[in-house]
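Read off the chains here:
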Amino acid sequence: MSKQSAHGTTEQHGGHGSLKSYVIGFVLSLVLTIIPIMALENGWMDSDKRIIIYLVAALFQFIVQLFFFMHLKEEDKPRYNLMSLLLGLFIVFLIVIGSIWIMMYNMVAL
């Protein structure tokens, strides 16, 4: 979005990244996708360690997506975006944990 300044020049605002930022994010996303696939296909570790690798790679993939593609830090007010994101994650966490809890303890009386 362009904004006219007091001196007549046009300033660029908005959360658009550079080509370098997109390429770095894309390469990191590829690496974070390939690592769990290779761990699964080649049987590098037992199943417990593979699950940890999947979860860690997913967490880093989430962080890469936030910073390189969703431009979390490049907004005018990143604190509001971060607070909204954390609230959304908290709600999703509550729904998932609550659903698992209900499914585990839903006993039908005989």
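Use the structure listed above.
Overview of the structure.

Rules used in this analysis
Residues numbered from 1 in each chain as written. Predicted model: local features only at pLDDT ≥ 70, side-chain atom pairs only at ≥ 80, totals over all residues. Heavy atoms only, no water. Helix = DSSP H or I, 4+ residues; strand = E, 2+ residues; numbered from the N terminus. Buried < 20%, exposed > 50% of the residue type's maximum accessible area, 1.4 Å probe, protein only. Areas by Shrake-Rupley, 256 points an atom, 1.4 Å probe, with all protein chains shown as cover. Phe/Tyr/Trp six-rings, centres within 6.5 Å; stacked < 30°, edge-to-face > 60°. Expected span 1.5 Å × (residues − 1). Contact = heavy atoms within 4.5 Å. Axes fitted to C-alpha atoms, helices over the stretch in contact; angles between N-to-C directions. Parallel < 35°, antiparallel > 145°, perpendicular 65-115°, else oblique. Nonpolar A, V, L, I, M, F, W, Y, C, P; charged D, E, K, R; others polar. Patch = residues over 30% accessible without salt bridge, like charges linked within 9 Å, V, L, I, M, F, W, Y side chains within 5 Å. Salt bridge = Lys/Arg side-chain N within 4 Å of Asp/Glu carboxyl O. Lys, Arg positive; Asp, Glu negative; His and termini not counted.

## Description of the overall build of the protein
Helix and strand counts for the protein come out as three helices and two strands. Starting at the N terminus and ending at the C terminus, the protein contains elements arranged as β-β-α-α-α. When each of the 110 residues of the protein is scored for burial, the buried share is 14%. Working note: accessible area of the protein is about 9,200 Å², and carbon and sulfur atoms make up 72% of it.

## A look at the packing of aromatic side chains
With the rule as written, the count across this model stands at one aromatic pair. With 6.0 Å between their ring centres and 50° between their planes, Trp101 and Tyr105 make a pair best called tilted. Pair check on accessibility: Trp101 and Tyr105 agree, each one exposed.

## A few points about helix H1 (residues 19-42)
With 24 residues, H1 should cover 34 Å at 1.5 Å per step; its first-to-last C-alpha distance of 34 Å lies within 8% of that length. Ser21, Gly25, Ser29, Leu32, Pro36 and Ala39 are the residues of H1 that are buried. Tucked inside the fold, the buried residues of H1 contact helix H2 (47-69). Gly43 sits one or two positions beyond H1 and adopts a positive phi of about 60°.

## Observations concerning H2
In a regular helix each residue adds 1.5 Å, so 23 residues correspond to 33 Å; H2 covers 31 Å between its end C-alpha atoms and thus fits that length. Turning to H2, its buried residues are Arg50, Ala57, Gln61, Val64 and Leu66. At the C-terminal side of H2, His71 shows a positive phi close to 55°.

## Examining the environment of Tyr22
Tracing the backbone shows Tyr22 in helix H1. By relative accessible area, Tyr22 is classed as partly exposed at 30%. Along the chain, Tyr22 and Phe69 lie 47 residues apart, while their C-alpha atoms are 6.9 Å from each other.

## Focus: the packing of H1 against H2
One way to put it is that H1 packs onto H2 with a least axis distance of 10 Å and a crossing angle of 170°. Judged on the interaxial angle alone, H2 and H1 are roughly antiparallel. Considered class by class, the residues forming the contact of H1 with H2 number 16 nonpolar, six polar and one charged.

## Concerning a nonpolar patch on the surface
Nonpolar side chains collect at one region of the surface, where Val92, Phe93, Val96, Ile97, Ile100, Trp101, Ile102, Met103, Met104, Tyr105 and Met107 lie side by side and expose about 1,200 Å² of accessible area between them. By secondary structure assignment, the location of Tyr105 is in the segment after helix H3 (78-104).

## A closer look at the side chain of Arg50
The topology assignment puts Arg50 in helix H2. Although Arg50 lies buried, it forms no salt bridge, and the closest oppositely charged side chain, Asp46, sits 6.5 Å away as judged by the N-O distance. For Arg50, the residues in contact, after removing those within four places along its chain, are Ala39, Leu40 and Met45.

It is worth stressing that arrangement in space is one thing and function is another; only the former is reported here.
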